[in-house]
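Chain by chain, the residues run as shown.
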Amino acid sequence: MVEVIQEGMATGYFRDDDPWEIVFEMGALSHGLIMLYLGGRMAVPRTQFRALYRRSFRRYLHGIRK
């Protein structure tokens, strides 16, 4: 995953930053959402959870774009 982020930075798609921190943050976002869902903290069907998951990552990725 870090290679993808580094490539995005090298091509100018993403802002220059610490790629390892970005990958760590993405893992934390993913893990947090999945654990909330599996722990029953989100009373939504699987399809709605998947849509939320995608929207969350879209927001994150738009935040690190140039």
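Everything here concerns the structure above.
Residues numbered from 1 in each chain as written. Predicted model: local features only at pLDDT ≥ 70, side-chain atom pairs only at ≥ 80, totals over all residues. Heavy atoms only, no water.

### Some thoughts on a negative patch on the surface
To keep things clear, this is the line we draw: Patches here are clusters of residues that have more than 30% relative accessible area and form no salt bridge, with a 9 Å joining cutoff for like charges and a 5 Å cutoff for nonpolar side chains (Val, Leu, Ile, Met, Phe, Trp, Tyr). To measure how exposed things are, a 1.4 Å probe is used in the Shrake-Rupley method; for residues, cover is taken only from the protein chains shown. One speaks of a salt bridge when a side-chain nitrogen belonging to Lys or Arg is within 4 Å of a carboxyl oxygen belonging to Asp or Glu. The charged-residue count follows a simple rule in which Lys and Arg add positive charge and Asp and Glu add negative charge, with His and chain termini not counted at all. All charge positions are set by atom: Lys at NZ, Arg at CZ, Asp at CG, Glu at CD. Strands are runs of DSSP state E lasting at least 2 residues, helices are runs of H or I lasting at least 4, and numbering of each runs from the N terminus.
On the surface, a cluster of negative charge is contributed by D16, D17, D18, E21 and E25. By secondary structure assignment, the location of E25 is in helix α2 (residues 19-38).

### Some details on the environment of F49
The following threshold applies: Any pair of residues with heavy atoms lying within 4.5 Å of one another is described as a contacting pair.
Tracing the sequence through the fold places F49 in helix α3 (residues 46-64). Taking the C-alpha atoms as reference, F49 lies 31 Å from G12; in sequence the two are 37 residues apart. Setting aside chain neighbours within four positions, we find F49 in contact with L33, I34, Y37, M42 and V44.

### Examining the packing of α2 against α3
Worth spelling out the cut-off: What counts as an axis is a line fitted to C-alpha atoms, over the stretch in contact for a helix, and the angles between N-to-C directions run from 0 to 180 degrees. The labels follow the angle: roughly parallel below 35 degrees, roughly antiparallel above 145, roughly perpendicular from 65 to 115, and oblique for the rest. Note on convention: the crossing is left-handed when the near helix lies turned anticlockwise from the far helix by less than a right angle, right-handed when the turn is clockwise. Any residue outside Ala, Val, Leu, Ile, Met, Phe, Trp, Tyr, Cys, Pro, Asp, Glu, Lys and Arg is labelled polar, Gly included; the first ten of those are nonpolar and the last four are charged.
Direction vectors running N to C along α2 and α3 enclose 160°, while the axes themselves pass 11 Å from each other. The angle between α2 and α3 falls in the class roughly antiparallel. In terms of crossing hand, the pair formed by α2 and α3 is right-handed. On α3, the residues touching I22, E25, M26, L29, S30, L33, I34 and Y37 of α2 are R46, F49, Y53, S56, F57, Y60, L61 and I64. For the contact of α2 with α3, the residue count by class is 12 nonpolar, two polar and two charged.

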